[in-house]
Structure formats: structure tokens, C-alpha cells
Amino acid sequence: FKKFSIPLQVISNGDLSVPISIQVYDFQKKKPGTLIGSTDCSLSSLMENQGSDIEIFDKKRKRTGTVKFVSLQIVRKATFFDYLRSGLQLNLITAIDFTASNRDPRDPRSLHSIGNGQCNQYETCIFNVGSIVCPYDTDQLFPVFGFGGKINGQVSHCFPLTFNPSNPNVQGLQGIIDVYKHSLQQVQLSGPTLFAPIIQNATQVARISFQESHTYTILMILTDGIINDMRETTDAIVDATDAPLSIIIVGIGDANFDAMDELDADDVPLRSSRGKVMSRDIVQFVPFRKFLQNKGFGLAEEVLAEVPRQVDEFCSTHGFTPQIA
């Protein structure tokens, strides 16, 4: 058998003395495997008897053979908080969809509607996710971009909402919300919906930030529409899988987001147009409508659920070893 690993918490709830069932099957390619035999023993017993034959029995308790564990190790893996405690910082880049399908912000039906005394879905997403991520950045400077909008009559798919290309940063979580609301008065909604320019920009920023200050970047893309550059976006994501970057895509509104599930790549790894397969899963997609009735409650937990694993996968292969408490 090939070597494999499994969390101790999963296999025995962290208790080495709890009996576990070991079952050996005869593999069948086109039908369910056939049970050869099984036995019950604890992990502590297995550790003590490494290299020894362990008898297995069928359902009638007839001895059917032996199984041998040649190598067993319990390894303490770093937790997400070990990384944070050891100096890793998080930075949030927010990218907001300014395509025309959102409707004019002056229209009460617009997903960008403001001024009615309530937060729109974009504001709610920014607040819920930002309130979790932002405290882990010491300088509290956060880049905020837009895509799919017109600036001075020209469509742009990656423009800073500060309208200062040399300084896309704002101060703190409230700064992200404020610059978004202010930009709605200056940006003309347009299209199409392109992700690749934003992802490429964030990847470049992420690489530099990690080199300079051990900062891991989270790109949050808030979008209402069907993506129009699927191939280019797939290429950009695959190229970013070896960068210190996680990508959160939050679907705003009621559009068809099937393509986003493909980018999420939980079932099938992404392959670029050049044939390169993603080296790790860095994308998490969540439709906001799941949390609309609860005013966004629970959104942050779901969209950030995969980030600790993604951080560990990157850091453990790029020389950042945390101190384990």
C-alpha cells in the first residue's frame, strides 16, 4: 500500500486507546470490493507492534490472513494559529463587479443600491469577511479594485477604487466600505465580466508581499454575473496555485453560477490551456443567496473554511516553518 496520512482527530478523536476497526478488502475494478478480513485494535497497540503480523478474521471469526503495519508515525502538524503566532500576516484584496447587470445604483432594484438605510449585498459581504481577515494585518492597508466598469469612458477590468494606480490601498475595514460607496458615484457600469486581470494582479502582489513581510494574500471577488473569460481565468488560477494566494468568489444576486463551481475545483482539478494542472486548490466559491435571509451571518465561516489548509499547503512547501506550541 502507498503511504497515506489521516488526521488523528478523524480516526479516533485523538484518543490512542480507542479501538478502531481495520478492514482489508480484495479490490474489484468494476464492482464493490470483497472483504478479506478485519480486526479491532487501538492505535497505541499498533504503534507498539509495528512490523509484527496482525491476524485478521472473516465475519464467522475464521482466520483469513495477517496484515502488517511497517511504519506508523504520529506527527504534530502546524495549525493555522501556529502560523499567525509565528509572524504570518494576512492581507485582503477586495475586487468588486461593476458590470451593467448589477443595474444602476440609483435604481432601488440594483445590487449596488445605496442610500436606502440598508447595506446592500456587496457591503454585507465586505463587512462579514473583512471583520475576520482584517485584524491579522498589522499595517491595516487594504487594496480595493473594481472590474467591468468605465473610468472616463474607458472600460477597465482592474482599476483601483482610490483611482490612484500607484496607491490602491485604503485604511481599515471601514475604508474598504467607504471607498466602494464613493466609487459608485464615479464609475459607469459596463462589462463584460472578466476575472483574469484581477487574479493576475493579485498574484503579483501576493508574491511580493510574502517575500517582503511573510504576508499571505486573500483575494475576495464579489460578482453578480456569468464569467466571460473562463479559459483565461482558469489559466490565471492554475498559474497562481504556487503563489501565497487564496481566492474567494462570492456570487451576488440570483445569476447562474455553475461556472464558479467549476473554478472551485473541489471535484476536478483545473487544467490550463497549456496542459498544466493546478498544484493545489486555492479557490472557494459561495453564493451569497444562501445567507441573504440571515443578513450574511455564517458567510465568513464558509468562505474562509479552506484558507487554513491552503495556507499550510503553501507555507509547508515554501520554507515558512512555524513554531509549534
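This text follows the structure it describes.
These notes cover the structure that comes with them. Everything numeric here is computed off the predicted structure, so don't read it as measured data. All residue numbers refer to position in the chain's written sequence, counted from 1. Residues qualify for local features only when their pLDDT is at least 70, as the model is predicted, and side-chain atom pairs are given and counted only at 80 or more; totals for whole chains, interfaces and linings, by contrast, use all residues. No hydrogens and no water enter the side-chain calculation; it runs on all heavy atoms of the structure.

1. Observations regarding the state of the cysteines
- When two cysteine sulfur atoms lie within 2.5 Å, the pair is treated as a disulfide. Taken as a whole and judged by the stated rule, the model has zero disulfides.
- As a non-bridged cysteine, C125 has C119 as the owner of its nearest cysteine sulfur, 11 Å distant.

2. Topic: the sheet that holds strand 7 (residues 149–151)
- Note: two strands are recorded as paired if DSSP finds a minimum of 2 bridges between them. Helical segments are the DSSP runs of H or I of at least four residues, strand segments are the runs of E of at least two, and each set is numbered from the N terminus. Read across the open sheet, the three strands follow the order 8-7-11; overall the sheet is antiparallel. Looking at which strands have only one partner, the edges of the open sheet turn out to be strand 8 (154–156) and strand 11 (188–189).
- Where strand 7 meets strand 8, three bridges bridge the pair, whose relative direction is antiparallel. Its bridge partner lying in strand 8, K150 is registered against V155.

3. Some points on a nonpolar patch on the surface
- A contiguous nonpolar surface patch, about 420 Å² in accessible area, is contributed by F4, I6, V10 and I11.
- Along the polypeptide, F4 turns up in the segment before helix 1 (8–12).
- Taking the relative accessible area as the measure of exposure, F4 reaches 69% and is therefore exposed. Exposure above 30% relative accessible area and the absence of a salt bridge qualify a residue for a patch, where like charges join within 9 Å and nonpolar side chains (Val, Leu, Ile, Met, Phe, Trp, Tyr) within 5 Å. Areas reported as accessible are Shrake-Rupley estimates using a 1.4 Å probe. Residue values count occlusion only from the protein chains shown. Think of a salt bridge as a Lys or Arg side-chain nitrogen and an Asp or Glu carboxyl oxygen that are within 4 Å of each other. Buried residues are those whose accessible area, probed at 1.4 Å on protein chains only, stays under 20% of the maximum for their type, while exposed residues exceed 50% and partly exposed ones sit between those limits.

4. Comments concerning the packing of aromatic side chains
- Any Phe, Tyr or Trp ring, taking Trp's six-membered ring, that has another such ring centre within 6.5 Å forms a pair; planes under 30 degrees apart are called stacked, those over 60 apart edge-to-face, and the others tilted. Within the structure shown, the criterion is met by nine aromatic pairs.
- Aromatic pair F147 and F195: ring centres 5.7 Å apart, planes at 85°, arrangement edge-to-face. With F147 in strand 6 (residues 141–147) and F195 in the loop between strand 11 and helix 6 (196–213), the pair connects residues that are 48 residues apart, well separated along the chain.
- Look at F147 and you get buried, because its relative accessible area is 0%.
- Residue F195 is classed as buried on the basis of its relative accessible area, which comes to 1%.
- Aromatic side chains Y216 and F314 sit 6.2 Å apart centroid to centroid with 65° between the ring planes, which places their arrangement in the edge-to-face category. Here Y216, found in strand 12 (residues 215–223), pairs with F314, found in helix 10 (residues 307–315); they are 98 residues apart in sequence, far enough to count as distant.
- Its relative accessible area of 0% is what places Y216 among the buried residues.

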